[in-house]
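The chain contents come next:
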Amino acid sequence: MNDPTTPSERYLQGMATRRAVLGDGHVDRAQQGSTEFDRPFQELITEAAWGHVWSRPTLSWRERSIVTIALLAALGQDDEVAMHVRATRNTGATRDDVCEALLHVAIYAGVPAANHAIKIAKQVFEQMDAEEAA
């Protein structure tokens, strides 16, 4: 039987991928803000989303980033769109990639969803530019 206090290999891989894509600062804040209530959720997304899906070799992080941004925009998940646009600095997805993804959102999920996500992406890119200039 597995020791419940020992992280699985999938969790460890997920944490490495999560940190590489989102950055240590983001992951550290998520972990520090975690409570008994949401700790199981944090473990789930680390193992399942980051350890299983994002760590698969079939698609690159760039490709996963593009798909993820489009899906989140289509679902209207504003905070997650911003987080994943910010993560493009680590995934290799370009601003042109994000633009193309959001054009697809406009056609397949609706102009209002794409329009709102474009506004979010522009704000995030402006913040990123300001951080780089500082």
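A short tour of the structure in this document, coming up. All values derive from a computational prediction rather than experimental measurement. (Residues numbered from 1 in each chain as written. Predicted model: local features only at pLDDT ≥ 70, side-chain atom pairs only at ≥ 80, totals over all residues. Heavy atoms only, no water.)

1. Describing the packing of helix α5 (residues 78–86) against helix α8 (residues 111–133)
And step 1. Interhelical geometry of α5 versus α8 gives an angle of 40 degrees and a closest axis separation of 9 Å. By the criterion of interaxial angle, the relationship of α5 to α8 is oblique. Crossing of α5 over α8 shows right-handed handedness. Contacts between α5 and α8 pair Asp78, Val81, Ala82, Val85 and Arg86 from the former with His116, Ala117, Ile120, Ala121, Val124, Phe125, Gln127 and Met128 from the latter.
And step 2. Per-class residue counts for the contact of α5 with α8 are nine nonpolar, two polar and two charged. (Axes fitted to C-alpha atoms, helices over the stretch in contact; angles between N-to-C directions. Helix = DSSP H or I, 4+ residues; strand = E, 2+ residues; numbered from the N terminus. Parallel < 35°, antiparallel > 145°, perpendicular 65-115°, else oblique. Left-handed = near helix turned anticlockwise from the far one by under 90°. Contact = heavy atoms within 4.5 Å. Nonpolar A, V, L, I, M, F, W, Y, C, P; charged D, E, K, R; others polar.)

2. Re helix α1 (residues 9–22)
And step 1. A rise of 1.5 Å per residue sets the reference length of α1, with its 14 residues, at 20 Å; its end C-alpha atoms lie 20 Å apart and thus fit the reference within 8%.
And step 2. Taken together, the buried residues of α1 touch α2 (24–32), α3 (39–53), α4 (61–75), α5 and α6 (88–91).
And step 3. One or two residues past the end of α1 sits Gly23, with phi positive at roughly 95 degrees. (Expected span 1.5 Å × (residues − 1).)

3. As for the nonpolar core
And step 1. Grouped together as the largest cluster of nonpolar side chains are 22 residues, with contacts concentrated most on Val81, Val85, Leu102 and Val105.
And step 2. At the level of elements, α4, α5, α7 (95–108) and α8 are the ones that each hand at least two residues to this core.
And step 3. In contact with Leu102, other than residues within four places in its own chain, are Ile69, Ala73, Ala114, Ala117, Ile118 and Ala121.
And step 4. Ranked by size, the runner-up nonpolar core spans nine residues in total, among them Val21, Trp50, Trp54 and Met83. (Core = buried A, V, L, I, M, F, W, Y, C linked by side-chain atoms within 4.5 Å. Buried < 20%, exposed > 50% of the residue type's maximum accessible area, 1.4 Å probe, protein only.)

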